[in-house]
Amino acid sequence: QVQLVESGGGLVQAGDSLRLSCVVSGRTVSDYAMGWFRQAPGKEREIVAGISRSGGRTYYRDSVKGRFTISRDNAKNTVYLQMNSLKPEDTAVYYCAADRRVAIVGVPTTQSEYDYWGQGTQVTVSS
């Protein structure tokens, strides 16, 4: 059984940094394309960043480009989301997700493409 466990969230001030981690158990993380999503109160869940199975391709939503970086460490079975220059509008519950499709080459960007989800970690950015 595949499990995803996020950590690293917290309460920070605007301009600060956080690094989220997502540890995959049950399978090796290199078997999956991985994504980070977030959901703010009263809003739809949206993709923040994604990385292909090979790690060679990444995707970022426009509002986080240049501030967030997704990476993967296959040896640690972990995916990271480095978040710099945080803004109050980044406040949300952040979820990691895994896409198990073998043939996928690119980065999946919609929720329906992902098969496994973590429980989420809260990120709160104060102004």
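Read on for an overview of the structure. Note that this is a predicted model, so its numbers are computed, not measured. Counting from 1, residues in each chain are numbered in the order their sequence is written. Two thresholds apply to this predicted model, a pLDDT of at least 70 for residue-level local features and 80 or more for giving and counting side-chain atom pairs, whereas whole-chain, interface and lining totals are computed over all residues. In computing side-chain properties, one takes all heavy atoms of the structure into account and sets aside hydrogens as well as water.

Regarding the pairing of strand β7 (residues 68-73)
Relative accessibility under 20% of the residue-type maximum defines a buried residue, over 50% an exposed one, and the middle range a partly exposed one, all with a 1.4 Å probe and only protein chains included. Each helix corresponds to a stretch of at least 4 residues labelled H or I by DSSP, and each strand to a stretch of at least 2 residues labelled E; elements are numbered beginning at the N terminus. With burial as the criterion, only one face of β7 is covered, namely that bearing Phe 68, Ile 70 and Arg 72; the residues Thr 69, Ser 71 and Asp 73 on the opposite face remain uncovered. Only strands joined by at least two bridges in the DSSP assignment are considered to pair. Relative to strand β8 (residues 78-83), β7 is paired through six bridges, and the arrangement is antiparallel. Bridging across to β8, Asp 73 finds its partner in Thr 78. Joining the antiparallel neighbours β7 and β8 is a turn of four residues, in which Asn 77 adopts a positive phi near 55°.

Some remarks on the nonpolar core
For soluble globular proteins, nonpolar side chains are generally found buried alongside one another. Counting 28 residues, the largest nonpolar core has Met 34, Trp 36, Leu 81, Met 83 and Tyr 94 as its most contacted members. Contributions of two or more residues to this core are made by β3 (18-25), β4 (33-39), β5 (46-51), β7, β8, β9 (92-99) and β11 (121-126). In what follows, residue pairs with any heavy atoms lying within 4.5 Å of each other are defined as contacts. In contact with Leu 81, other than residues within four places in its own chain, are Leu 18, Arg 19, Leu 20, Trp 36, Val 48, Ala 49, Phe 68, Thr 69, Ile 70 and Tyr 94. Residues belong to one nonpolar core when they are buried, are Ala, Val, Leu, Ile, Met, Phe, Trp, Tyr or Cys, and are joined through side-chain atoms within 4.5 Å.

Structural notes on the state of the cysteines
Two cysteine sulfur atoms form a disulfide, by the criterion used here, when they sit within 2.5 Å. Taken as a whole and judged by the stated rule, the model has one disulfide. Each sulfur of the disulfide joining Cys 22 and Cys 96 lies 2.0 Å from the other. Handedness of the Cys 22-Cys 96 disulfide follows from its S-S torsion of about 50°: it is right-handed. Of this pair, Cys 22 sits in strand β3 while Cys 96 sits in strand β9, placing them 74 residues apart in sequence. The pair formed by Cys 22 and Cys 96 is uniform in burial state, with each residue classed as buried.

Some details on the packing of aromatic side chains
We call Phe, Tyr and Trp rings a pair once their centres come within 6.5 Å, taking the six-membered ring for Trp, and we label the pair stacked below 30 degrees between planes, edge-to-face above 60, and tilted otherwise. All told, the structure shown has four aromatic pairs when counted by the stated rule. Measuring from ring centre to ring centre gives 6.0 Å for Tyr 32 and Tyr 116, while their planes differ by 80°; the resulting arrangement is edge-to-face. Of the two residues, Tyr 32 sits in the loop between β3 and β4 while Tyr 116 sits in strand β10 (residues 116-117), which places them 84 residues apart along the sequence. According to the relative accessible area criterion, Tyr 116 is partly exposed, its value standing at 22%. With a centroid separation of 4.9 Å and an interplanar angle of 55°, the aromatic rings of Phe 37 and Trp 117 are classed as tilted. With Phe 37 in strand β4 and Trp 117 in strand β10, the pair connects residues that are 80 residues apart, well separated along the chain.

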